[in-house]
Amino acid sequence: MSLLYNTGEWFTLEQGGSFRKVELYKMKWPPNIDLDHMKVYAAPYGGPIAVIKDRNSFLKIEGDTSTRQVIRIFNCIGKQISSINWDFGEIVTLGWSCAEELIVVQNDGTIFIYDMFGSFVHKFSVSNDVTDVSEARIFQSASGTGVAAMTGTAKIYVLNNIQDPKSRPLSDLLNITNSQGCWEMVSKDRTTVCVVTQGPDVIVARYGDNALTTPPISLTTDYKSFTLICASFDHQHLALLTNTGCLWMGSSDLRHKYCEFTTGRTERPTQLAWCLDGAPGNETPAVIICYSNMLQIVLTTGESSIYSYDSAVTLVQEMDSVRVISSNSHDLMQRVPSCTKKIFGISISEPASFLFVAHCKFQERSHQSNEYLCLTAGKLRGAVGDCIEAAGYEFDPNTQKSLIRAAYFGKSFLADYNVIEYVRMCKTLKVLNALRDPNVAIPITIRQFEHLQPIVVLDRLMFRKYYGLAMQIAKYLNILEKRILEHWAFQKLAQDKNDDEVARKIAAKFASAGLQQPMSFASVAERAQQIGKIKLAITLLELETKKKLQVPLLLKLGASEKALIAATQSGDIDLIYMALLEMKNTTELAQFHMTIRRYPLAQNLYKKYCQLNSLSTLKDIHSQEDDFLAQAELTLREAQQLGQLDASISDVSGNFRRVGKQIEADLCDEAKKLAKHQKLLNDKHQNQFQGLSLHATVRKLLQLGDVRYAEKLKSEFKLPDRRYWWVRVQTIAESYMWEDLERFSKAKKSPIGYEPFVEVCLRQQNIQEAKKYLPRCSEDTKLKWYLRASCYAEAANIAFMQKDIESLLKILDYCASDATLLSTVQNMILQVSEKK
């Protein structure tokens, strides 16, 4: 079946399939642009177009027109974006980087980088040794965008990445003497080689080779030299054109020959370009030969076709097509996708074609719709998929709608059809149509869109300052818009002069964005700081809600007090210390102390820091604030650490009295008196008393036998009797002076009772001595102490007298080895039980 639908620009070759020419735009060049006398350099993926006057072309100068070179940059519809008045040396070539930056190679070896709006980015040199560049090539490598330059002495220098411009010369063995030769860079598998022609020979040169490679090129026709060479977009294929008009096509390593084609023309073409399919396992590629106003398409099968133009044309290689730029139009040459041929091809009997016709008949309310639909029986799912896929390859919105509606019509008859691919294609087409709109003019294909990914496409919209469209696409595709808003803010910083107005606009835009998470102002403020707008950067940072991002940048900007305020508000100890230490290093000390007094949390943390690192600084702070209590505590702590308590105690006592701490002051006075006694005792006993407490001092005196001085200290410092007796009992028992212990117990009534006497005797394993004091224990505790002394018989009598059956039962457990006592205790238990 034949469907003559949108196929007017198709041409079919017998073995190589069909190609088509799609008109993207009618060009709107300015009146002074004549491409017949211009050189055109276009970026791939629908990028900008740079135009410059051809020095080798004669152009009539009218009026007061300047003769200096001007680089004009246009979008894909011919609308001028910017221009660069070139006041430097002679331009060798132009090109575009993968980031759509303009690369200008000058004859003295200098390489200039500009953005598409004509703003200078940076420059560098090919090499210090290079001052006479005759030709240059700009190519894409695995490392990025590269530049190769050939000097007047035919030496080639290669830079694989302009972001890291490290040049290296190719093989010194390369000796080109024929200026009519041609050369091309081929980057494949992270290796960049130069294919150079010299007369009838082809030479492959690469860095570090000890010998040049000269692969044989087999041609059946005679020739003297090669005039043009072209590598494909993916650097997999190579085309060579001889001076006799014979085209050789083969692999880029020159090992495999695809085809040899005789054009029958001896004039030198202006360009060669490979037209690829762009998909894995692609069909036979083609080469387009560009003459002054004619294109000849040659397949690797040896078939060809011709297209004519009214003016000079320029070819732009793409990953899946070739764009043709002329004075009147901007066209796309590509192989017709197989899914499209299944629908619109001549004499086609495919399910997708029947489905499309069925939908058309359905719209016409014709009964034939059902007949065509029946022809897709069992293959409807594939037909729907073909219609969806074909819609993605179309540039005309009406054709897209027809195909999508046909797919929608077909999927209605499928019960379990998964609509994910259908929805994805609808969204993709909507985005592609927005990009291809003449007001935007980015005519990328669906394969290019999928290769670049939406993030890169959004970046390119941002570079062109289409922020509104980028935001809408990001929302539509569920992509975070933060990067777009940041880029917009960066542009505002660079362009607007009124800082207050810029801050207001940025804050309003960020607030109205409607994001789930609020925008961060830190990155925008950092960019403002980089371009020297310090005041604006501080203003923006005050709007930042994340203190961890805000404080470090405020410190970097010199706004240390604002950073301290933000840090204290966050409550983050690390941030506060960061702000404090930075402020201390950059501010006068007096001013620093006056500032932190206004922020109690920061001041307290600083005091803690000084307590660990600088006590002298902490003293100065307490002195400035008349904080006598803190001074007293600090002096006391320092004196204890240094062992100089007697020298500092007077100051400590005075500071305590200034703040009404009478008890603490009295304690200091007593500590001072004790220190005097300890000094005398050191001299008397030749022992170390310094720094001991009153209790420890008395205990040590008793151990040394100086009871009189111990009692003197007891009386003078009003040591309680109970504490003194405890210390005295313990020291006597530890010295095993049992007679002295007994005399001490009889000296007067014990204020601590006699249980401590029993305890110290038991601690020293002297049960006999403990028995002397057991009868004198109080009735409440006597039973417990008899048990601890293992006097079970006496303990049993006391328990019987107290009628304590639980204690008798406990004693019974200890009497297993004494039958007499066991029997006695059992009788006691029985008697007590009967009485109850």
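Analysis parameters
- Residues numbered from 1 in each chain as written.
- Predicted model: local features only at pLDDT ≥ 70, side-chain atom pairs only at ≥ 80, totals over all residues.
- Heavy atoms only, no water.
- Helix = DSSP H or I, 4+ residues; strand = E, 2+ residues; numbered from the N terminus.
- Buried < 20%, exposed > 50% of the residue type's maximum accessible area, 1.4 Å probe, protein only.
- Contact = heavy atoms within 4.5 Å.
- Core = buried A, V, L, I, M, F, W, Y, C linked by side-chain atoms within 4.5 Å.
- Pairing = 2+ DSSP bridges.
- Axes fitted to C-alpha atoms, helices over the stretch in contact; angles between N-to-C directions.
- Parallel < 35°, antiparallel > 145°, perpendicular 65-115°, else oblique.
- Left-handed = near helix turned anticlockwise from the far one by under 90°.
- Nonpolar A, V, L, I, M, F, W, Y, C, P; charged D, E, K, R; others polar.
- Arc of directions from axis to C-beta.
- Phe/Tyr/Trp six-rings, centres within 6.5 Å; stacked < 30°, edge-to-face > 60°.
- Salt bridge = Lys/Arg side-chain N within 4 Å of Asp/Glu carboxyl O.

Peer 1: Outline the side chain of threonine 731, supporting the account with residue identities and numerical values.
Peer 2: The residue threonine 731 is located in helix 24 (residues 721-734) in this model. When its relative accessible area of 5% is taken as the criterion, threonine 731 is described as buried. With sequence-adjacent residues up to four places away left out, threonine 731 is seen in contact with Arg699, Leu702 and Gln703.

Peer 1: Run through the nonpolar core, naming residues and quoting values.
Peer 2: Core analysis: the largest hydrophobic core is formed by 93 residues, its most contacted members being Leu435, Leu493, Ile506, Leu540 and Leu580. The greatest single-element share of this core, amounting to eight residues, is contributed by helix 4 (residues 380-393). The residues contacting leucine 493, other than those within four sequence positions of it, are Val502, Ile506, Val524, Arg527, Ala528, Ile531, Lys533, Leu536 and Leu540. In terms of nonpolar packing, the next biggest core, distinct from the first, is built from 49 residues, Leu694, Tyr754, Ile811 and Leu821 among them.

Peer 1: Explain the pairing of strand 9 (residues 110-114) to me, and be specific about the residues and the numbers.
Peer 2: Buried residues dominate strand 9, accounting for five of its five residues. Alternating positions in strand 9 separate into two faces, Thr110, Phe112 and Tyr114 on one and Ile111 and Ile113 on the other, with burial throughout. By the bridge criterion, four bridges tie strand 8 (residues 102-106) to strand 9 in an arrangement that is antiparallel. The residue of strand 9 that forms the bridge with valine 105 is isoleucine 111.

Peer 1: How would you summarise the sheet that holds strand 24 (residues 294-299) if you had to cite specific residues and measurements?
Peer 2: Pairing in this open sheet of four strands is antiparallel, and the strands run 22-23-24-25 from one edge to the other. The open sheet has two edge strands, strand 22 (271-275) and strand 25 (304-308), and neither has a second partner. Across this sheet, the average inter-strand angle for adjacent strands is 20°, counted without regard to direction. With five bridges joining them, strand 24 and strand 25 adopt antiparallel strand pairing. Opposite methionine 294, over in strand 25, you have serine 308 as the bridge partner.

Peer 1: Explain the packing of helix 22 (residues 694-704) against helix 24 to me, and be specific about the residues and the numbers.
Peer 2: Helix 24 packs onto helix 22 with a crossing angle of 40° between their chain directions and a minimal axis gap of 9 Å. Between helix 22 and helix 24, the crossing angle belongs to the class labelled oblique. Two packed elements cross with a definite hand, and for helix 22 against helix 24 that hand is right-handed. Across the interface between the two elements, His695, Val698, Arg699, Leu702 and Gln703 from helix 22 touch Arg723, Tyr724, Val727, Arg728, Gln730, Thr731 and Glu734 from helix 24. Split by residue class, the contact of helix 22 with helix 24 holds four nonpolar, four polar and four charged.

Peer 1: Can you tell me about the side chain of glutamine 69, naming the residues and giving the values?
Peer 2: Mapped onto the secondary structure, glutamine 69 falls in the loop between strand 4 (49-53) and strand 5 (70-74). We classify glutamine 69 as buried; its relative accessible area is 9%. Among all residues touching glutamine 69, those that are not within four sequence positions of it are Ile52, Arg55, Ile84, Asn85, Trp86, Gly89, Glu90 and Ile91.

Peer 1: Got a sec to walk through helix 25 (residues 738-747)? Specific residues and values, please.
Peer 2: Listed as buried for helix 25 are Trp738, Leu741, Phe744 and Ser745. Projected down its long axis, helix 25 carries its buried residues within an arc of 120°, all on one side. What points out from helix 25, more than 90 degrees from its buried face, is the exposed set Glu739, Arg743, Lys746 and Ala747. Where helix 25 is buried, its residues touch helix 24, helix 26 (755-763) and helix 27 (767-771).

Peer 1: Residues and numbers for the packing of aromatic side chains, please.
Peer 2: Going through the model one piece at a time under the given rule, you end up with 15 aromatic pairs. Each ring, one from tyrosine 45 and one from phenylalanine 233, has its centre 5.9 Å from the other, and the planes form 80°; the classification is edge-to-face. Taken as a pair, tyrosine 45 in the loop between strand 3 (38-42) and strand 4 and phenylalanine 233 in the loop between strand 18 (226-231) and strand 19 (237-242) lie far apart in primary sequence, 188 residues in all. Its relative accessible area of 11% is what places tyrosine 45 among the buried residues. Both rings, one in phenylalanine 409 and one in phenylalanine 413, keep their centres 5.3 Å apart while their planes meet at 80°; by these two values the pair is edge-to-face. Using a relative accessible area of 10% as the deciding quantity, one classes phenylalanine 409 as buried.

Peer 1: Describe the pattern of salt bridges, and please don't skip the residues or the numbers.
Peer 2: Within this structure, the stated rule accounts for 24 salt bridges. In this structure, the salt-bridge partner of aspartate 459 is arginine 483, at a minimum N-O distance of 2.3 Å. Taken as a pair, aspartate 459 in helix 7 (residues 446-463) and arginine 483 in helix 9 (residues 482-495) lie far apart in primary sequence, 24 residues in all. With a relative accessible area of 16%, aspartate 459 lands in the buried category. Exposure remark for arginine 483: the relative accessible area of 38% places this residue in the partly exposed category. Of the charged contacts in the structure, one is a salt bridge between lysine 492 and aspartate 496, with a shortest N-O distance of 3.7 Å. Salt bridges sharing common partners tie together Glu100, Arg460 and Arg464.

Peer 1: Talk me through unusual backbone geometry; I want residue IDs and the actual numbers.
Peer 2: Of note, the phi angle at glutamate 100 is positive, near 60°, even though the residue is not glycine. Relative to the assigned elements, glutamate 100 resides in the loop between strand 7 (91-96) and strand 8. Look at alanine 441: it is not a glycine, yet its phi comes out positive at around 60°. Its location among the elements puts alanine 441 in the loop between helix 6 (420-436) and helix 7. Relative accessible area serves as the criterion here: at 2%, alanine 441 is assigned to the buried category.

Peer 1: Describe the sheet that holds strand 15 (residues 183-188), and please don't skip the residues or the numbers.
Peer 2: Taken in spatial order, the three strands of this open sheet run 15-16-17, and their pairing is antiparallel. Only two strands of the sheet have a single partner each, and these edge strands are strand 15 and strand 17 (201-206). This sheet shows a mean twist of 25° between the axes of neighbouring strands, independent of strand direction. Two elements, strand 16 (residues 191-198) and strand 17, share six bridges in a ladder whose sense is antiparallel. The residue bridging glutamine 198 from the neighbouring strand is aspartate 201, located in strand 17.

Peer 1: Could you give me a rundown of the environment of cysteine 230, with the residues and numbers involved?
Peer 2: Positionally, cysteine 230 belongs in strand 18. Note: C-alpha distance between cysteine 230 and alanine 273 (43 residues apart in sequence) is 6.5 Å. Among residues more than four places away in sequence, those in contact with cysteine 230 are Glu184, His237, Leu238, Ala239, Leu272, Ala273, Trp274 and Gln317.

Peer 1: Kindly report on helix 30 (residues 805-814), identifying the contributing residues and their values.
Peer 2: Structurally, the α-helix is built with 3.6 residues per turn, so residues lying three or four positions apart point the same way. Every buried residue of helix 30 is listed here: Ser807, Leu808 and Ile811. Seen end-on, helix 30 carries its buried residues on one side only, within an arc spanning 100°. What points out from helix 30, more than 90 degrees from its buried face, is the exposed set Glu806 and Asp813.

These results come straight from atomic positions and should not be treated as a statement about function.
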